[in-house]
Amino acid sequence: MNSSRRASRDVQEGEIDDVDIVDGDMDIFYDDDEEEFSFEGTGGSKADAKFDLTVGALEEVVMDPDFTEKQSSFILKYCGHFEGGEENKLIYSDIFNSYVDLIEKYIEQRLAASVPDFSM
């Protein structure tokens, strides 16, 4: 048995008291031989299938570099208005509303293109 598998078993059985995960000892928790798994099949309702499709499409949207670029551009445009402190400036509401408008429209458009009969 390799040391990683043994250490993983030892942790599961409570035989290792302290593990320094901050400095990179996380590998003792992982078994290199484990296979990645996914849920597949035809079980569930039509509503479940649509939900799964929508969540999958949403994941693709937020992982898309275009989405990240939109967020980064927005942040660069408005970052100068923010400063440390407890005070909430009136402009923060305007910036928030602009962000919600930009992001919600983008997500809604992308999801409508990917998910049949999508509606927010």
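Since the structure is predicted, the reported quantities are computational estimates derived from the model, not experimental observations.

Undergrad: Before we move on, can you summarise the packing of helix α2 (residues 46–63) against helix α4 (residues 90–114) with the specific residues and values?
TA: Put simply, α2 and α4 touch, their axes get as near as 10 Å, and they point 130° apart. The orientation of α2 with respect to α4, classified from their angle, is oblique. Where α2 crosses over α4, the handedness of that crossing is right-handed. Here T54, A57, L58, E60 and V61 of α2 lie close against α4, whose contacting residues are Y106, I107, R110, L111 and S114. Class assignment for the residues of the contact of α2 with α4 results in 6 nonpolar, 2 polar and 2 charged.

Undergrad: With reference to specific residues and values, describe the side chain of T54.
TA: Note that T54 resides in helix α2. Judged by its relative accessible area of 16%, T54 falls in the buried class. Only 2.8 Å separates the side chain of T54 from the backbone oxygen of K50, close enough to count as a polar contact. Setting aside residues up to four positions removed in sequence, T54 forms contacts with L111, V115 and F118.

Undergrad: How would you summarise the packing of aromatic side chains if you had to cite specific residues and measurements?
TA: Scanning all chains against the criterion turns up 4 aromatic pairs. Arranged with centres 4.6 Å apart and planes meeting at 45°, the rings of F74 and Y78 form a pair that is tilted. Pair noted here: F74 and Y78 are both in helix α3 (residues 65–78), with a separation of 4 residues, about one helical turn. Put simply, the rings of F74, Y78 and Y99 touch in pairs and so form one group of aromatic residues.

Rules behind the numbers
- Residues numbered from 1 in each chain as written.
- Predicted model: local features only at pLDDT ≥ 70, side-chain atom pairs only at ≥ 80, totals over all residues.
- Heavy atoms only, no water.
- Axes fitted to C-alpha atoms, helices over the stretch in contact; angles between N-to-C directions.
- Helix = DSSP H or I, 4+ residues; strand = E, 2+ residues; numbered from the N terminus.
- Parallel < 35°, antiparallel > 145°, perpendicular 65-115°, else oblique.
- Left-handed = near helix turned anticlockwise from the far one by under 90°.
- Contact = heavy atoms within 4.5 Å.
- Nonpolar A, V, L, I, M, F, W, Y, C, P; charged D, E, K, R; others polar.
- Buried < 20%, exposed > 50% of the residue type's maximum accessible area, 1.4 Å probe, protein only.
- Polar contact = N/O pair within 3.5 Å; in protein donor to acceptor, adjacent residues only side chain to side chain.
- Phe/Tyr/Trp six-rings, centres within 6.5 Å; stacked < 30°, edge-to-face > 60°.

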